[in-house]
Amino acid sequence: MTRRQLLGAAGALAASGFGVGALAGCTPTQATATHTGWAPPAAPMKFPKGYVWGAATSAYQIEGAWNADGKGPSIWDTFSHAGEGHIADGSTGDVAADHYHLWSHDLDLLKRLGVGAYRFSLSWPRIQPTGSGAVNQKGLDFYKRLLDGLGERGIRPAITLFHWDLPQPLQDAGGWPSRDTANRFADYADIVFGAFGDIDAEWLTLNEPKTLAYNGYWYGSHAPGIMDPNAAAAAVHHQLLAHGLTVQAFTAHGVKGRIGPVLNLTPVKPTDAAAKEQTKNVDAVQNTLFLDPVLKGVYPTNAIGTANGQLPADPDRFAALVKDGDLKIIASPIGMLGVNYYGVAGVDLNGTMVKIHKTSTADWEQIWAPGLYELLMRLKKDYKKVPILITENGVPDDLMQNGLKDTARIDYLRSHFQQAARAIEAGVPLQGHYVWALIDNFEWAEGYTERFGLVNVNFDTLKRTPKKSFGWYADVIEKNAVAPK
Ligand code: FCB
């Protein structure tokens, strides 16, 4: 099983863990793979003045230096070092792209690209090696150098506080299924705001709590490799609580800039007229279980349970985790919503997510650019108005193409930028778009077999070489417009 084939499964099937070939072997269905009746105009589509173009990365995926300068181990160090077939190519992030040492070179690449902003994450165990107590000044110093380097180049930071690399000692104490981890996170956020709160930045609390909860605690395909739906449900609540506590700390510190979560959202569609209920359940598991508490202060009632498409945890146990006041904390007002968009999925009668569109090299990624428009319009319709940033959007190298002549990535980005422009025209408060990723990196359970970068990295020599998409994207940024093919 690869990474998100498992995320593709839902409900009872997923509870059985491995052996769920949800996305594999299915053919696109006529019912949903239709066009939307919209075509991009012949003239370039312009973006509003001040629209933020960016590129994104995360600490564990690029930094390397896994035990340098006092850094403590994270669950990803443990998971990748364990072997046991956890990572497709048996690799680790020990060195990755060695960004810890080559950071200034990478910032030069950003400058060359012309981006207005750079999204990266802070490694919690680099800053606080055991996840509680003592601070590692050398860890803070590294990020200070990085932030200064961005400032010198006129690039605005978009700082993710947490992108999955939980300090191992906190996992040993129970990890995200334990409520205490949310409090530890709020303490860590306090340290970071104390150190960097005077920098004008976009702040992102947690990256994709869904992926960590489901892949990490339900399917076991990601660190920490646990397979227990109740643990996954608890990990959802405690990550959201950590998010809310962090938003409160942000306000209390009077930090500059604005803050929000990063949610990966997936429009889902029934592949059968009789699969409506199943699709609603999957929508709850994939989307509203995260959107509703953050933006409305409530949990959907149909996400957890044993019906097809639900997260098969015990609803009473979940309800007991939600203490008085938690939802108010989780719904603390945010300054913006970060959305990671990688595509859509169909839902069948079993409540399983199935393939309805062509996938990229990553078999969990069903490419469907109009889905981005649909998603943004849904956010506009169903939720209160909050500025939106697309905090990730991208595609791995097409294995049929020479990695440097990545015209498939250009086609992908073009079509998604067009749908973003379309949504802005339709009144969606979308303010920026970050391409995943700036450079090739350690793609979690896929190791180095999937390359999402605008810049190729030779992992033997660490040499960086911009791909064709890099130049294409630089041109979009310069013109603040996306031209038709
Ligand atoms: C997202 C992750 C990011 C990267 C991309 C491909 O789910 O947030 O780290 O792995 O997928």
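Residues numbered from 1 in each chain as written. Predicted model: local features only at pLDDT ≥ 70, side-chain atom pairs only at ≥ 80, totals over all residues. Heavy atoms only, no water.

## Digging into the sheet that holds strand S3 (residues 117-121)
So, step 1. If you walk around this closed barrel you meet the eight strands as S2-S3-S4-S5-S6-S8-S11-S12, and the pairing is parallel. Each strand of the sheet is rotated relative to its neighbour by a mean of 25 degrees, with strand direction disregarded.
So, step 2. Where strand S8 (residues 337-340) meets strand S11 (residues 388-392), four bridges bridge the pair, whose relative direction is parallel. When the sheet's bridge partners are listed, Asn340 is paired in S11 with Glu392.
So, step 3. Helix-sheet contacts for helix H12 (residues 276-296) involve strand S6 (258-264) and S8, and the interaxial angle to S6 is about 160 degrees. (Pairing = 2+ DSSP bridges. Helix = DSSP H or I, 4+ residues; strand = E, 2+ residues; numbered from the N terminus. Axes fitted to C-alpha atoms, helices over the stretch in contact; angles between N-to-C directions. Contact = heavy atoms within 4.5 Å.)

## Re the side chain of Asp106
So, step 1. Summarising the element assignment, Asp106 is placed in helix H5 (residues 99-113).
So, step 2. Judged by its relative accessible area of 1%, Asp106 is buried.
So, step 3. Residues in contact with Asp106, not counting those within four places in the same chain, are His99, Leu438, Ile439 and Arg464. (Buried < 20%, exposed > 50% of the residue type's maximum accessible area, 1.4 Å probe, protein only.)

## A word on helix H16 (residues 407-425)
An α-helical segment advances 3.6 residues per turn. Residues three or four places apart therefore align on the same side.
So, step 1. A rise of 1.5 Å per residue sets the reference length of H16, with its 19 residues, at 27 Å; its end C-alpha atoms lie 27 Å apart and thus fit the reference within 8%.
So, step 2. Here H16 lies mainly inside the structure; 14 of its 19 residues are buried.
So, step 3. Of the residues flanking the end of H16, it is Gly427, one or two places downstream, whose phi is positive at about 95 degrees. (Expected span 1.5 Å × (residues − 1).)

## Looking at the nonpolar core
So, step 1. Of all hydrophobic cores here, the largest spans 137 residues; its most connected members are Trp176, Trp203 and Tyr473.
So, step 2. Apart from residues lying up to four places away in sequence, Trp203 is in contact with Ile159, Leu161, Val192, Phe193, Phe196, Phe250, Val255, Lys256, Arg258, Ile259, Gly260 and Met336.
So, step 3. Grouped together as the second largest cluster of nonpolar side chains are 14 residues, Ala117, Val262, Met336 and Leu389 included. (Core = buried A, V, L, I, M, F, W, Y, C linked by side-chain atoms within 4.5 Å.)

## A word on the environment of Gly254
So, step 1. Position of Gly254 relative to the elements: it lies in the loop between helix H11 (229-253) and S6.
So, step 2. Counting along the chain gives 214 residues from Gly254 to Lys468, while the straight-line C-alpha distance between them is 42 Å.

## Brief notes about the pairing of strand S12 (residues 430-436)
So, step 1. Within S12, six of the seven residues are buried, leaving the element largely enclosed by the surrounding structure.
So, step 2. In terms of strand pairing, strand S2 (residues 52-56) meets S12 through five bridges, oriented parallel. Considered in S12, the bridge of Trp53 is made with His433.
So, step 3. Bridge count between S11 and S12: three bridges; the pairing is parallel. In the strand pairing of S12, Ile390 is matched with His433.

## A closer look at the packing of aromatic side chains
So, step 1. Under the definition given, this model contains 34 aromatic pairs.
So, step 2. For the pair Phe162 and Phe185, a centre-to-centre distance of 5.9 Å together with 80 degrees between the ring planes defines the contact as edge-to-face. Residue Phe162 is found in strand S4 (residues 156-162), and its partner Phe185 is found in helix H9 (residues 180-196); the two are separated by 23 residues along the sequence. A single burial state applies to Phe162 and to Phe185, both of which are buried.
So, step 3. Each residue in the set Tyr60, Trp76, Phe79, Trp164, Phe442, Trp444, Tyr448 and Phe459 is aromatic and connected to the rest through ring pairs, giving one cluster.
So, step 4. Against the face of Tyr383 rests Lys296, its NZ or CZ located 4.5 Å from the ring centre. (Phe/Tyr/Trp six-rings, centres within 6.5 Å; stacked < 30°, edge-to-face > 60°. Lys NZ or Arg CZ within 6 Å of the ring centre and 35° of its normal.)

## Quick notes on the pairing of S3
So, step 1. Of all the five residues making up S3, five are buried; the element is thus mostly covered by neighbouring parts of the structure.
So, step 2. Of the two faces of S3, the one carrying Ala117, Arg119 and Ser121 and the one carrying Tyr118 and Phe120 are both buried.
So, step 3. Here three bridges tie S2 to S3, and the two strands are oriented parallel to one another. Opposite Ala56, over in S3, you have Arg119 as the bridge partner.
So, step 4. In this structure, S3 lies alongside S4, joined through five bridges in parallel fashion. What sits directly across from Phe120, in S4, is Ile159.

## Remarks on H11
So, step 1. With 25 residues, H11 should cover 36 Å at 1.5 Å per step; its first-to-last C-alpha distance of 36 Å lies within 8% of that length.
So, step 2. With respect to burial, H11 is a largely interior element, 20 of its 25 residues being buried.
So, step 3. Measuring from the side-chain oxygen of the N-cap residue of H11 to the backbone nitrogen of Asn230 gives 2.9 Å; that N-cap residue is Asp228.
So, step 4. Positive phi shows up at Gly254, right after H11, with a value of about 60 degrees. (Polar contact = N/O pair within 3.5 Å; in protein donor to acceptor, adjacent residues only side chain to side chain.)

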